[in-house]
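# Residue-level structure breakdown
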Amino acid sequence: MLSDLGEEDMDIEKLVRAAKGEVPCDLLIKGTRLVNVNTGEVQEGTNVAVAGERIAYIGEEELPAIEVFDAAGRYAIPGLIDTHVHIESSQVTPPMFAESVLVRGTTTIAFDPHEIGNVLGKEGVKLMVEATRGLPLKAFWMVPSCVPSAEGVETAGAEFFAEDVAEMLGWERAVGVAEIMDYDGVTNLRQRMVEIIGEGRKRGVVLDGHCVDLKGRELNAYVATGIEACHENFFAEQVLAKLRAGMEYVKVRNIELMSYFVPPERREAYMKAFVDGLNLVPDKRGILFCTDDIMPDVLLEHGHLDGVLRAAIEHGYDPIKAIQGATISCAAHLRLHDLGAVAPGCFADVLLLDDLKRFEVTAVFANGRLVAKHGRLLDRIPAWEFPEFAKKTVKLVEPREEDFLIRAPIREGKVKVRAMDLSTVFSGFVVREAEVKDGFVQPGGLTTVAVFERHGRNGNRNLALAQNGLERGAIASTIGHDSHNLSVMGRSPGDMKLAAKALLDAQGGVSVVCDGELRALLPLPVAGLMSEERTEVVAEGMRKVRRELRKLGRDEPWFLTIWTISIPVGPGGRVTDRCLIDGNLQREVSLFVE
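Residues numbered from 1 in each chain as written. Predicted model: local features only at pLDDT ≥ 70, side-chain atom pairs only at ≥ 80, totals over all residues. Heavy atoms only, no water.

Overall, the coordinates contain 48 salt bridges when judged by the stated rule. For Arg-534, the salt bridge identified is with Glu-99, shortest N-O distance 2.7 Å. Of the two residues, Arg-534 sits in the loop between strand 26 (517-523) and helix 16 (535-551) while Glu-99 sits in helix 2 (residues 94-102), which places them 435 residues apart along the sequence. With relative accessibility at 7%, the residue Glu-99 sits in the buried group. Between Asp-292 and Arg-253 there is a salt bridge, and its shortest N-O distance comes to 2.8 Å. Of this pair, Asp-292 sits in the loop between strand 13 (287-289) and helix 11 (296-302) while Arg-253 sits in the loop between strand 12 (249-252) and helix 9 (255-258); the two residues are 39 residues apart in sequence, bridging distant segments of the chain. Like Asp-292, the residue Arg-253 is buried in the burial classification. The network of salt bridges with shared partners includes Glu-13, Arg-17, Lys-20 and Glu-22. (Salt bridge = Lys/Arg side-chain N within 4 Å of Asp/Glu carboxyl O. Helix = DSSP H or I, 4+ residues; strand = E, 2+ residues; numbered from the N terminus. Buried < 20%, exposed > 50% of the residue type's maximum accessible area, 1.4 Å probe, protein only.)

This is the structure:
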């Protein structure tokens with residue numbers, strides 16, 4: 001694994017001699033309260049000696065060292081490992097992302113470049129691999145498995161098949177096959193998915209999953225393929241069902257953020273019930289914590305993996321079990337056995353904390369070097385500039401106002417329409433009656449939703465209706481999981497046109513328009529997903545988008561609805577550039593109801 005990180009082989013002689021006190025260690029972190037993730041206990045008065053980039057010794061002796069750092073009785077834990085994260089969702093490039101998460105204690109990630117893969121194909125994936133090379137953040141990755149997320153129902157910028165996955169598994173730092181989300185394709189033995197899973201199995205790498213609410217026979221069929229983990233868990237019952245079915249690892253995201261998917265009055269009850277359910281699992285070695293998608297403003301406000309643990313601990317999860325679920329168990333899952341513990345031979349990724357329950361990281365050591373103190377990075381990470389072709393990915397003809405009008409099957413009268421209910425992420429379709437004038441549907445109190453293929457492949461566009469959407473104005477985005485087409489949602493064709501044009505001009509991002517005025521624009525020109533600005537700058541742009549969106553009737557403090565409305569493998573009602581999808585049933589449906 002050292003060669004994968006671009007480093008020299010482990011100096012065994014130096015480690016052994018340093019452990020025995022025969023040569024000075026490079027660093028001694030003295031006076032810690034060591035959280036031993038191997039035993040689940042706290043060892044008082046423990047010193048950690050580092051030789052090179054690895055730990056040589058843990059114990060009560062103060063070995064000779066070139067440099068001494070006094071922990072002053074603070075807790076020492078391993079650096080956190082995020083086993084499932086999409087860097088692109090932070091809306092910043094990998095170096096800026098690394099700066100933002102290192103200070104919060106994340107020292108290793110296994111990222112899934114699925115988002116850029118859907119826009120730029122293997123070239124996009126290669127750019128992300130190159131942009132993460134040589135960072136102080138250890139950046140392993142998994143090969144995107146589902147580009148597009150499901151066959152035949154959406155248009156992505158590329159398609160990945162088994163031969164593509166096989167090629168990418170040979171690239172540097174690849175540790176697995178990522179997020180096998182076409183669960184319908186898996187359980188129905190579609191050739192693409194069977195062959196992709198087969199490539200992972202041949203190499204013995206991680207097969208990471210994504211199955212929203214499979215049960216019974218379908219869940220057993222999914223697990224039987226060798227898929228070993230899944231992060232799509234909105235309720236503790238899903239965690240338990242997957243573990244009972246033999247899935248080795250079940251990943252839990254930030255329960256505080258997930259609680260935004262339920263009504264405000266139920267948020268606290270939701271979080272408590274989730275943790276109470278986790279606590280019922282007798283053996284917690286299979287419970288991991290991850291971030292998945294985290295926006296720049298949310299990252300700065302709620303933290304990264306530290307925020308995920310903080311939320312779980314605050315609602316009753318044991319702190320040491322939480323730490324194990326973000327360190328040693330993650331290392332085992334990724335087959336990275338020289339990570340995840342403060343133990344001899346492991347990389348010297350060590351965090352210091354004053355209190356395990358508050359979980360505020362005060363110092364971060366990565367590869368035996370102090371990189372952050374009290375939330376501040378000691379050295380800036382150089383930026384990495386993406387090539388120009390990666391910044392010209394919004395390829396469509398400028399939409400007209402008439403492109404946002406829905407043609408009806410009758411000239412005048414009333415029709416029944418199938419509208420997406422946007423009250424929660426789990427909502428499906430509802431049937432509503434709509435007026436028809438001059439051959440076009442009059443949305444009335446409904447919101448119009450448009451999805452435009454933006455990769456320059458076929459020029460598709462599709463329209464849908466939604467209830468509990470916007471009260472006025474429009475929002476547009478080139479972030480649209482998972483094919484990342486241009487999505488527009490609004491109450492006025494004029495506002496929708498202006499919102500779309502703003503993103504065509506900016507070559508990607510998020511825009512908010514009301515009464516013919518552009519109220520907010522967050523440019524994300526790299527693949528229409530990321531900015532090359534620092535996280536703080538992009539976060540402020542995202543905050544402005546949220547403020548303006550709130551004025552239009554959508555208060556969305558975490559995930560914007562427009563980002564998930566087009567993913568066909570998610571729960572509830574969805575719309576892609578090709579069709580309407582009932583995500584709960586995994587089948588296409590029509591807009592008009594007979």
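Cis geometry is found at the peptide bond from Val-147 to Pro-148, where omega equals -5°. With respect to the helices and strands, Pro-148 occurs in the loop between strand 8 (138-144) and helix 4 (162-169). For the peptide bond that leads from His-481 to Asp-482, omega is 0°, which places it in the cis range. Mapped onto the secondary structure, Asp-482 falls in the loop between strand 23 (474-477) and strand 24 (486-490). Phi is positive for His-484, close to 55°, though the residue is something other than glycine. By the element assignment, His-484 lies in the loop between strand 23 and strand 24. What makes His-484 buried here is its relative accessible area of 1%. In this structure, Gln-586 is a non-glycine residue whose phi angle is positive, near 55°. Within the secondary structure, Gln-586 sits in the loop between strand 28 (580-582) and strand 29 (587-589).

On to the packing of helix 4 against helix 6 (residues 191-203), then. One can describe the packing of helix 4 onto helix 6 by two numbers: an axis separation of 8 Å at closest approach and a directional angle of 30°. Judged by the inter-axis angle, helix 4 sits roughly parallel to helix 6. Handedness of the crossing formed by helix 4 with helix 6: right-handed. Residue-level contacts link Ala-162, Val-165, Ala-166 and Leu-169 of helix 4 to Glu-195, Ile-196, Glu-199, Gly-200 and Arg-203 of helix 6. In terms of residue class, the contact of helix 4 with helix 6 is made up of five nonpolar, one polar and three charged. (Axes fitted to C-alpha atoms, helices over the stretch in contact; angles between N-to-C directions. Parallel < 35°, antiparallel > 145°, perpendicular 65-115°, else oblique. Left-handed = near helix turned anticlockwise from the far one by under 90°. Contact = heavy atoms within 4.5 Å. Nonpolar A, V, L, I, M, F, W, Y, C, P; charged D, E, K, R; others polar.)

With that out of the way, let us pick up the domain arrangement of the protein chain. As far as domains go, the protein chain holds domain 1 (12-76), domain 2 (79-342) and domain 3 (390-589). The centre of domain 1, based on its C-alpha atoms, is set 54 Å off from the matching centre of domain 3. (Domains from an automatic or database assignment.)

Glancing now at the pairing of strand 1 (residues 25-36). Looking at chain direction, strand 1 and strand 4 (residues 65-70) are connected through five bridges and run parallel. Of the residues in strand 4, the one forming a bridge with Leu-27 is Glu-67. In the sheet, strand 1 pairs with strand 2 (residues 41-51) via seven bridges, with the strands oriented antiparallel. Its bridge partner lying in strand 2, Leu-34 is registered against Gln-43. Between strand 1 and strand 2, which pair antiparallel in sequence order, lie four residues; one of them, Gly-40, sits at a positive phi of approximately 80°. Summarising the sheet, strand 1 and strand 5 (residues 75-78) pair through two bridges and their orientation is parallel. Across the sheet, residue Arg-33 finds its bridge partner in strand 5, namely Tyr-75. (Pairing = 2+ DSSP bridges.)

Approximately 590 Å³ is the volume attributed to the largest pocket. Tyr-260, Ser-423, Arg-554, Asp-555 and Glu-556 are, among the 26 residues lining the largest pocket, the residues nearest its centre. Every element with two or more residues in the lining of the largest pocket is listed here: helix 17 (561-564) and strand 27 (573-575). Residues of the lining of the largest pocket, tallied by class, amount to 12 nonpolar, eight polar and six charged. Residues from two domains meet in the lining of the largest pocket; each of domain 2 (79-342) and domain 3 (390-589) gives at least three. (1 Å grid on protein atoms, 1.4 Å probe; cavity = no way out; pocket = protein on both sides within 12 Å on 5 of 7 lines; lining within 4 Å. Points joined across faces, edges and corners; volume = space filled by probe spheres on them.)

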